[in-house]
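Architecture at a glance
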Protein chains: 2
Amino acid sequence: MKNILIIGAGRSTTACIKYCLKQAEKKGWFVTVADSNPKLAESKIDGHPNGRGTWLDVTKPNDRREIIGRHDIVVSLLPAHLHLMVAQDCIKLKKHLVTASYVSHEMYRLGDEARDASLIFMGEMGLDPGIDHMSAMKLLDEIKEEGGTITAFRSYAGGLIAPESDDNPWHYKFTWNPRNVVLAGQGTAQYMEDGGYKYIPYSRLFDEYHLVDVPEMGEYEAYANRDSLLYRDIYGVAGIPNILRATLRHRGFCDAWHALVKIGLTDGSYPILDADKLTYHEWMNAYLPKGPGSVKDRMAKFLGEDPESEVMTKLEWLGLFRKKKINLPNATPALILEHLLLDKWKLSADDKDMIIMQHEIEFTDKDKVNKKVTSSMILKGEDQDNTAMSKLVGLPLGIFTKLITENRIHTTGVNIPVMKEVYEPVLEELEEYGVIFKEKTELI
Amino acid sequence: MKNILIIGAGRSTTACIKYCLKQAEKKGWFVTVADSNPKLAESKIDGHPNGRGTWLDVTKPNDRREIIGRHDIVVSLLPAHLHLMVAQDCIKLKKHLVTASYVSHEMYRLGDEARDASLIFMGEMGLDPGIDHMSAMKLLDEIKEEGGTITAFRSYAGGLIAPESDDNPWHYKFTWNPRNVVLAGQGTAQYMEDGGYKYIPYSRLFDEYHLVDVPEMGEYEAYANRDSLLYRDIYGVAGIPNILRATLRHRGFCDAWHALVKIGLTDGSYPILDADKLTYHEWMNAYLPKGPGSVKDRMAKFLGEDPESEVMTKLEWLGLFRKKKINLPNATPALILEHLLLDKWKLSADDKDMIIMQHEIEFTDKDKVNKKVTSSMILKGEDQDNTAMSKLVGLPLGIFTKLITENRIHTTGVNIPVMKEVYEPVLEELEEYGVIFKEKTELI
């Protein structure tokens with residue numbers, strides 16, 4: 001019998017817990033869900049005979065070690081900064097660990113210890129990062145095995161709203177951590193183009209998007225992720241002249257988000273004084289040079305927009321020019337914006353989200369013919385609770401956990417899912433859940 | 001006899017040490033200059049009978065405490081982050097402390113302990129911060145004492161190159177910490193205008209400068225400092241509807257610096273990979289969208305400039321389009337820029353720097369007449385070594401130290417120089433060194 005410990009029972013954990021309980025039934029596992037809110041943990045188990053919800057304050061070392069010690073595999077669905085202490089306990093107590101978060105430098109440093117103990121610590125095992133790595137590696141390995149030389153790798157992913165639920169001028173709703181959406185892209189995006197490095201600072205990231213054609217869906221806007229260069233070695237394409245990872249948004253999003261960045265509304269580094277007394281209207285005025293005209297007209301002028309332009313329509317729809325109190329004492333601009341968007345970009349009960357993932361790989365095949373393969377996956381959610389996002393983050397975690405229990409994983413140490421023994425069975429099973437990449441190859 | 005300990009003998013310490021040695025002769029002090037480079041410390045004493053240069057590694061607690069224990073007053077000319085440990089020793093050993101650095105939150109927290117021990121810890125006792133506080137407070141107090149109500153306080157300061165030594169297209173040379181010049185303004189500038197808060201994010205700070213007329217000198221560009229709001233309480237003008245602290249630059253500087261910011265060259269947060277192999281030309285290309293034309297032409301287009309414009313001339317003069325190796329492995333953009341500027345903006349042996357400081361205060365006098373007083377100070381240096389900058393940073397430290405030895409300071413605790421018992425005698429003595437504020441009052 002295998003004992004699985006899932007730490008964290010928050011909003012994004014449902015799909016993973018459901019999957020594990022289903023497997024538990026078939027395979028005789030026992031699944032413990034531990035959370036600081038035991039009622040929430042119990043509700044996720046929903047009386048299942050192979051599961052139990054329990055209380056855990058993960059910052060209490062003794063409690064944490066006691067519960068980890070009684071299980072075989074730990075799935076940590078905690079916020080990213082809390083994984084490390086769980087990982088350290090897993091080393092001591094000789095338990096495997098699975099997470100969907102980016103693997104930190106500190107986590108990578110545990111690699112030797114995990115390997116020495118024959119443990120697998122698998123990170124980035126969700127959707128993005130997760131399914132993106134696995135589907136990309138499958139394509140890259142296939143091309144290489146057929147004698148191809150890869151010259152360009154571009155990978156796009158977006159957590160979007162499905163067209164049938166798209167009813168606001170931004171064509172966007174929150175289907176994932178709102179804070180991360182507000183702060184997305186801060187820093188400098190780094191990628192490679194035609195053999196040279198490319199840098200785009202945050203201040204012009206959303207101004208310098210490009211268009212990507214998604215088969216059967218049309219054109220989307222893509223802005224560069226910060227980290228494209230990091231994956232050259234790990235994807236086995238170290239000398240590649242073109243590599244880009246980017247985020248997809250509906251048409252019109254980037255210009256309007258660029259306006260928010262330019263005004264200064266995504267800055268989380270200082271508090272707005274008296275933000276409890278100010279109105280949104282007064283707040284916007286604080287960013288504008290003096291001059292005649294209404295705040296809205298001066299904003300349009302400042303942004304180089306017509307007052308009735310699409311960008312201005314989006315800003316106005318957010319309520320940025322309303323004489324309504326902000327009511328958030330000493331909040332940063334980013335937090336004020338997040339609160340405003342939480343209200344405006346909320347999924348309704350029946351709203352369906354939509355995940356798009358697309359890889360575009362250029363290569364020269366063994367006969368020296370230049371080709372491009374485009375591999376696209378589109379999946380829609382069911383409703384507000386059963387989003388495609390939560391499904392695609394949770395299922396890979398569950399499937400990989402099952403692979404461990406079946407002794408099908410021989411990799412040890414700290415890893416992300418780029419090896420065939422991982423991506424083949426995970427992608428295969430994901431197809432049963434509608435995760436189907438359609439490939440199209442053309443001559444270039 | 002008073003024993004003065006000066007910690008730090010770096011480039012900016014000469015004026016302070018010279019002043020203290022002169023006083024030592026008159027008043028029978030003994031001055032110890034301690035530095036990790038004892039030869040440098042000795043060279044600053046230059047055989048003076050009332051002084052001694054000695055070795056000190058300030059990070060070694062026992063050595064630090066031993067030397068502090070043998071003196072009465074400590075002048076710390078260390079980098080700002082090293083003051084705190086010196087201050088903690090000064091509390092224990094009951095010594096006064098003087099610095100020219102901004103007072104940190106941690107330092108302010110020592111206030112009660114310093115006050116209980118009847119000690120004065122004076123920070124921001126240089127030029128800017130330092131002379132700006134003192135000269136501003138003198139004006140503000142005078143207006144208030146005459147029954148005036150202050151409605152606007154705007155304060156400008158710049159460390160510039162004197163017109164007779166101004167021989168480059170930027171009209172700027174380094175007279176102070178180059179790193180601070182490169183990173184200046186990062187964050188969001190905050191000030192007040194017409195009773196409302198104003199915010200300018202870094203990405204548009206150098207684009208939204210305004211012009212300031214300096215009597216007898218002409219117009220200068222002024223960009224807002226980050227911190228104007230901080231001084232409302234400490235200057236005793238808490239409810240003031242207009243407050244701004246800003247930095248002065250020669251005409252043409254801000255547009256060109258804004259271009260560097262927009263390209264992304266002032267970012268110190270990530271390393272440029274292969275910066276040892278790249279040329280400046282390739283580096284610039286990495287920031288530009290693809291397209292036809294030379295890197296310089298594409299840069300001009302990207303910046304919305306004519307290729308022969310003043311901004312482009314400045315960038316070209318820096319050598320940003322040259323096919324010359326950068327040769328700085330994994331340096332950040334900010335560090336590469338700093339190295340380039342160090343070479344280009346170096347003071348020649350006979351170059352004279354120039355300090356401009358100007359306060360503009362609007363008030364309603366006791367007869368309800370609206371007035372504006374403009375108070376300006378201009379001081380030029382002698383040469384590369386004897387800069388106005390180092391003189392105006394060092395002299396207030398020395399003068400204030402003398403005031404302590406004369407028992408003329410009754411303030412205790414952690415402070416900045418805003419009280420009359422400090423600013424009156426310091427400003428009076430500074431006049432002997434050419435620090436003369438000329439006032440002009442007009443009706444508005």
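The structure this text deals with has already been given above.
Owing to the predicted nature of the structure, the values given are computational and were not obtained by experimental measurement.

So, the overall build of chain A
Along its length, chain A carries 16 helices and 16 strands. Relative to its length of 444 residues, chain A is compact, with a C-alpha radius of gyration of 23 Å against a globular reference of 22 Å. Referenced to the eigenvectors of the C-alpha coordinate spread, the extents of chain A come out at roughly 75 × 60 × 40 Å. Across the 444 residues in chain A, those meeting the buried criterion constitute 58%. Counting contacts in chain A only where the partners sit at least 6 residues apart, residues at least 24 apart contribute 71% of the total. Here chain A displays about 18400 Å² of accessible surface, and carbon together with sulfur accounts for 48% of that area. In chain A, the 55 positive side-chain charges and the 65 negative ones have mean positions that sit 4 Å from each other.

What about the nonpolar core?
In this structure, Trp257 and Leu315 of chain A together with Phe121 of chain B are the most contacted members of the largest nonpolar core, which totals 160 residues. Tallying contributions element by element places helix H16 (residues 388–405) of chain B first for this core, with 10 residues. Discounting chain neighbours no more than four positions away, the residues touching Leu315 of chain A are Trp170, Ala256, Ala259, Leu260, Ile263, Met299, Leu303, Leu320 and Phe321 of chain A. Cys90 and Met134 of chain A together with Leu160 and Val295 of chain B belong to the second largest nonpolar core, which has 157 residues in total.

Focus on the interface of chain A and chain B
Across the boundary between the two partners, chain A contributes 30 residues, which contact 30 residues of chain B. Roughly 2400 Å² of surface becomes buried between chain A and chain B when both sides are summed, with 50% attributable to carbon and sulfur atoms. For chain A, the biggest contributors to the area lost against chain B are Tyr197, Tyr199 and Arg204 of chain A; these three give 24% of the whole. The interface formed by chain A and chain B includes two salt bridges. Joining chain A to chain B, the criterion identifies 18 residue pairs in polar contact (both at pLDDT 80 or more). Sorting elements by how many residues they give to the side of chain A that touches chain B places strand E9 (residues 196–201) of chain A first, with four residues. Of the residues contributing to the side of chain A that touches chain B, the split by class is 14 nonpolar, five polar and 11 charged.

Notes on the sheet that holds strand E6 (residues 120–122) of chain A
Residues and elements named next belong to chain A. As summarised here, the arrangement of the seven strands in space is E3-E2-E1-E4-E5-E6-E15, forming an open sheet in which the pairing is parallel. One side of each edge strand has no neighbouring strand; the edge strands of this open sheet are strand E3 (51–55) and strand E15 (413–415). This sheet shows a mean twist of 20° between the axes of neighbouring strands, independent of strand direction. Pairing analysis gives three bridges linking E6 to E15, with the strands arranged parallel. Counted as the bridge partner of Phe121 is Val414 from E15. In this fold helix H2 (residues 38–45) packs onto strand E2 (30–35) and E3, with an angle of close to 170° to the strand it touches most, E3.

Considerations on the packing of aromatic side chains
All names here are of chain A. Following the criterion strictly, the structure yields 42 aromatic pairs over all chains and no others. Centre to centre, the rings of Tyr172 and Trp345 are 5.0 Å apart; their planes meet at 70°, and the pair counts as edge-to-face. Remark: Trp345 occurs in the loop between helix H14 (333–344) and strand E13 (353–364) and Tyr172 occurs in the loop between strand E7 (149–161) and helix H8 (178–183); sequence separation between them is 173 residues. Across the pair, exposure class does not vary: Tyr172 and Trp345 are buried alike. Aromatic rings pair up to connect Trp170, Tyr172, Phe174, Tyr202, Phe206, Tyr223, Phe253, Trp257 and Trp345 into one cluster.

Notes on helix H16 (residues 420–431) of chain A
Residues and elements named next belong to chain A. Taking 1.5 Å as the rise per residue, H16 with 12 residues should run 16 Å; its terminal C-alpha atoms sit 16 Å apart, in good agreement. Three or more residues of H16 are buried, namely Val422, Tyr423, Pro425, Val426, Leu427, Glu429 and Leu430. At its buried positions, H16 is contacted by helix H1 (14–27), E6, helix H7 (131–145) and helix H15 (388–405).

Thoughts on the packing of helix H10 (residues 253–263) of chain A against helix H12 (residues 295–303) of chain A
Residues and elements named next belong to chain A. Following both chains from N to C, one finds H10 and H12 inclined at 100°, their axes separated by 11 Å at the closest point. Taken together, H10 and H12 sit at an angle that is classed as roughly perpendicular. Of H12, the residues touching H10 (which contributes Ala259, Lys262 and Ile263) are Met299, Phe302 and Leu303. Its residues assigned to classes, the contact of H10 with H12 shows five nonpolar, no polar and one charged.

Quick word on the relation of the copies chain A and chain B
By a simple turn and slide, chain A fits onto chain B: the slide is 0.1 Å along the axis, the RMSD is 0.1 Å, and the turn is 180°. Look at the turn and shift together and you get a two-fold axis relating the two. The rotation axis passes nearest to the C-alpha of Ser203 of chain A in chain A, at a distance of 3.2 Å. By residue overlap, the copies meet face to face through one surface: 100% of the interface positions of chain A are interface positions in chain B.

Considerations on unusual backbone geometry
For residues that are not glycine, phi is negative in most cases, and the peptide bond is trans in most cases. All names here are of chain A. Look at the link from Asp128 to Pro129: it is a cis peptide, with omega at 15°. For Pro129, the position within the fold is in the loop between E6 and H7. Of note, the phi angle at His171 is positive, near 55°, even though the residue is not glycine. Residue His171 is classed as partly exposed on the basis of its relative accessible area, which comes to 28%. We note that Glu216 has phi near 70°; this positive angle belongs to a residue other than glycine.

Structural notes on the pattern of salt bridges
Summed over the entire model, instances satisfying the criterion amount to 58 salt bridges over all chains. Its salt-bridge partner being Asp194 of chain A, residue Lys290 of chain B comes within 3.5 Å of it at the nearest N-O pair. You can see Lys290 of chain B sitting in the loop between helix H12 (280–285) and helix H13 (295–303) and its partner Asp194 of chain A sitting in the loop between strand E8 (188–193) and E9, one on each of two chains. Of the two residues, Lys290 of chain B and Asp194 of chain A, neither departs from the other in class, the shared state being exposed. The salt bridge partner of Glu360 of chain B is Lys372 of chain B, with a shortest N-O separation of 3.5 Å. A residue pair is termed long-range when its members are at least 10 positions apart, and Glu360 of chain B in strand E13 (residues 353–364) and Lys372 of chain B in strand E14 (residues 370–380) qualify at 12 residues. As far as burial versus exposure is concerned, Glu360 of chain B and Lys372 of chain B are alike and both buried. By sharing partners, the salt bridges in this structure join Asp128, Asp132, Asp227 and Arg245 of chain A into a single network.

About the criteria used
- Counting restarts for each chain, with residues numbered from 1 along the sequence as it is written.
- Chains and ligands are labelled by the order in which they are written, letters from A for the one and numbers from 1 for the other.
- Since the coordinates come from a predicted model, pLDDT governs what is reported: local features require at least 70, and pairs of side-chain atoms require 80 or more to be given and counted, while whole-chain, interface and lining totals use all residues.
- The side-chain quantities take in all heavy atoms of the structure and omit both hydrogens and water.
- A run of DSSP states H or I qualifies as a helix once it reaches four residues; a run of E qualifies as a strand once it reaches two. Both are numbered from the N-terminal end.
- Throughout, radius of gyration means the C-alpha value; the globule benchmark is 2.2 Å times the number of residues raised to the power 0.38.
- The rule is simple: take the accessible area with a 1.4 Å probe, protein chains only, and divide by the maximum for that residue type; under 20% is buried, over 50% is exposed, in between is partly exposed.
- It only takes one pair of heavy atoms within 4.5 Å for two residues to be counted as in contact.
- The Shrake-Rupley method, run with a 1.4 Å probe sphere, supplies the accessible areas, and residue values consider only the shown protein chains as cover.
- For the purpose of charge, His is not counted, nor are the chain termini; Lys and Arg are scored as positive and Asp and Glu as negative.
- To locate a charge, the coordinates of NZ of Lys, CZ of Arg, CG of Asp or CD of Glu are taken.
- As used in this record, nonpolar core signifies buried Ala, Val, Leu, Ile, Met, Phe, Trp, Tyr and Cys residues forming a set joined through side-chain atoms within 4.5 Å.
- Once two parts are put together, the accessible area they lose, assessed with a 1.4 Å probe and summed over both, is termed the buried area.
- Here a salt bridge means any side-chain nitrogen of Lys or Arg lying within 4 Å of a carboxyl oxygen belonging to Asp or Glu.
- Whenever a nitrogen or oxygen atom comes within 3.5 Å of another N or O atom, the pair is scored as a polar contact, on the condition that within protein one atom can donate a hydrogen and the other can accept it, and that pairs from neighbouring residues in sequence are kept only if both atoms are in side chains.
- Residue classes follow a fixed rule: Ala, Val, Leu, Ile, Met, Phe, Trp, Tyr, Cys and Pro count as nonpolar, while Asp, Glu, Lys and Arg count as charged, and any other residue, Gly among them, counts as polar.
- For two strands to count as paired, DSSP must find a minimum of two bridges between them.
- Helix axes are fitted to C-alpha atoms over the stretch in contact, other axes to C-alpha atoms as well, and angles between N-to-C directions run from 0 to 180 degrees.
- Centres within 6.5 Å make a pair out of two Phe, Tyr or Trp rings, where for Trp the six-membered ring is used; the pair is then stacked when the planes are under 30 degrees apart, edge-to-face when over 60, and tilted otherwise.
- A helix is expected to reach a length of 1.5 Å times the quantity of its residues less one.
- We call two directions roughly parallel when the angle between them is under 35 degrees, roughly antiparallel when it is over 145, roughly perpendicular when it lies between 65 and 115, and oblique otherwise.
- Only residues with pLDDT of at least 70 in both copies count here: their C-alpha atoms drive the least-squares fit that superposes the copies.

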